[in-house]
Amino acid sequence: MVDRLANSEANARRINLVENCFGAAGQPLAIPGRVLIGEGVLTKLCRKKPKARQFFLFNDILVYGNIVIQKKKYNKQHIIPLENVTIDSIPDEGDLRNGWLIKTPTKSFAVYAATATEKSEWMNHINKCVCDLISKSGKTPNSEHAAVWIPDSEASVCMRCKKAKFTPVNRRHHCRKCGFVICGPCSEKRFLLPSQSSKPVRVCDFCYDLLSSGDFSTCQPGRSDSFSQSTKPINLSDDDDDEDSSD
């Protein structure tokens, strides 16, 4: 079906509509062979709080942006190559239901659908697109991914020293290796993580020691993502609500 749609006028019109919704600030999306598989609103768990984002699934990329006017205008376009993506289901907990993790070497985050059916459809379509891309390219599936940042609200004290309380003056920071919420004194060091940045990035003292010794396999929590510990590809920057991206 994807091959049939690749060069169809209907597919070209749909992609053109998506481009127009992002306006001049968005990157062109129409290339030969690209097909728009589906679209919808998902709740993205950002560092400050969950926020609605518009997602577009293509056969080779995942695009999302902030909703300015539903179905008409979006901004802060993010484009994620699907060949770098792995996904994992998240168990329901409280108000956060029907979620899964989208993990890449550069950025990883949690999203939630409105219903279990929507979650299943999204995950199935993403997995199929990733499998098709890997099969065609012959590449090995990606095994390394950036940590999922634990939301600010999940930590009232530093998750490393367990002592420093967060206040408007004593700000929260995030380790780029484990995703923990940490205080300034516990995260004064920087380490080069090439998949995330061309410059050294903030890491906690614990991860810095492991990275420096070469034993970085234990930096991240056991269930393959730091989110489970809580109760540059093209244009892959932080969201506007993650404005403290250096933290």
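Residues numbered from 1 in each chain as written. Predicted model: local features only at pLDDT ≥ 70, side-chain atom pairs only at ≥ 80, totals over all residues. Heavy atoms only, no water.

K.L.:
Which residues make up the overall build of the chain, and what are the values?
P.N.:
Of the regular secondary structure elements, the chain holds four helices and eleven strands. Looking at the chain residue by residue over its 247 residues, the buried ones come to 46%. Accessible surface for the chain amounts to roughly 12,600 Å². Of this, 52% is attributable to carbon and sulfur atoms. (Helix = DSSP H or I, 4+ residues; strand = E, 2+ residues; numbered from the N terminus. Buried < 20%, exposed > 50% of the residue type's maximum accessible area, 1.4 Å probe, protein only. Areas by Shrake-Rupley, 256 points an atom, 1.4 Å probe, with all protein chains shown as cover.)

K.L.:
I'd like a description of the packing of aromatic side chains, backed by residues and values.
P.N.:
Counted under the stated rule, the structure contains seven aromatic pairs. On the basis of an interplanar angle of 80° and a centroid distance of 6.4 Å, the ring pair of Phe55 and Trp122 is categorised as edge-to-face. Here the residue Phe55 occupies a position in strand 2 (residues 50–58), and Trp122 occupies one in helix 3 (residues 116–137), the gap between them amounting to 67 residues. Like Trp122, Phe55 is buried. Ring centres of Phe56 and Tyr74 lie 5.7 Å apart, and the angle between their planes is 70°; on these two criteria the pair is classed as edge-to-face. A residue pair is termed long-range when its members are at least 10 positions apart, and Phe56 in strand 2 and Tyr74 in strand 4 (residues 73–81) qualify at 18 residues. (Phe/Tyr/Trp six-rings, centres within 6.5 Å; stacked < 30°, edge-to-face > 60°.)

K.L.:
Give me the pattern of salt bridges: which residues, what numbers.
P.N.:
Think of it this way: side chains of opposite charge can pair up when their charged atoms draw near. For the structure on display, the rule yields nine salt bridges. Between Arg34 and Asp60 there is a salt bridge; the shortest N-O distance is 2.9 Å. Of this pair, Arg34 sits in the loop between helix 2 (9–22) and strand 1 (36–45) while Asp60 sits in the loop between strand 2 and strand 3 (61–69); the two residues are 26 residues apart in sequence, bridging distant segments of the chain. Notably, a salt bridge pairs Asp88 with Lys103, separated by 2.4 Å at the nearest N-O pair. On the criterion of sequence distance, the pair formed by Asp88 in strand 5 (residues 86–90) and Lys103 in strand 6 (residues 99–103) is long-range, its members being 15 residues apart. Among the residues examined, Asp88 registers a relative accessible area of 28% and is labelled partly exposed. The exposure class assigned to Lys103 is buried, which follows from its relative accessible area of 4%. Taken together, the shared-partner salt bridges connect Arg47, Lys48 and Asp152 into one network. (Salt bridge = Lys/Arg side-chain N within 4 Å of Asp/Glu carboxyl O.)

K.L.:
Any details on helix 3? Residues and values, ideally.
P.N.:
Between its first and last C-alpha atoms helix 3 spans 32 Å; for 22 residues at 1.5 Å apiece the expected length is 32 Å, and the two agree. All buried positions along helix 3 are accounted for by Lys119, Trp122, Met123, Ile126, Cys129, Val130 and Ile134. Looking down the long axis of helix 3, one finds its buried residues gathered within 135° of arc, a one-sided arrangement. Away from its buried face by more than 90 degrees, helix 3 exposes Thr117, Lys128, Cys131, Ser135 and Lys136. On its buried face, helix 3 sits against strand 1, strand 2, strand 3, strand 5 and strand 6. Just downstream of helix 3 lies Gly138, where phi reads positive at about 75°. (Expected span 1.5 Å × (residues − 1). Arc of directions from axis to C-beta. Contact = heavy atoms within 4.5 Å.)

K.L.:
Talk me through the pairing of strand 4; I want residue IDs and the actual numbers.
P.N.:
Each regular strand carries side chains that alternate between the two faces of the sheet. Bridge count for strand 3 against strand 4 is seven bridges, and the pairing is antiparallel. Each residue of the ladder has a partner; that of Asn66, found in strand 4, is Asn75. The hairpin turn running from strand 3 into strand 4, its antiparallel successor, is three residues long, and Lys71 in that turn takes a positive phi close to 70°. (Pairing = 2+ DSSP bridges.)

K.L.:
Let's hear about the pairing of strand 1: which residues, and what values?
P.N.:
Relative to strand 2, strand 1 runs antiparallel, the two sharing nine bridges. Looking across to strand 2, one finds that Gly38 is bridged to Leu57. What sits between strand 1 and strand 2 in their antiparallel hairpin is a turn of four residues.

K.L.:
Please set out the sheet that holds strand 4 residue by residue, giving values where relevant.
P.N.:
Taken in spatial order, the seven strands make up an open sheet running 4-3-2-1-7-6-5, and their pairing is antiparallel. What marks the edges here is a single partner per strand, and that holds for strand 4 and strand 5. Across the sheet, the axes of successive neighbouring strands diverge by a mean angle of 35°, strand direction being ignored. Together, strand 1, strand 2, strand 3 and strand 4 form the strand contacts of helix 2, whose direction differs from that of strand 1 by roughly 30°. Those strands touched by helix 3 are strand 1, strand 2, strand 3, strand 5 and strand 6, and its axis lies near 160° from that of strand 5. (Axes fitted to C-alpha atoms, helices over the stretch in contact; angles between N-to-C directions.)

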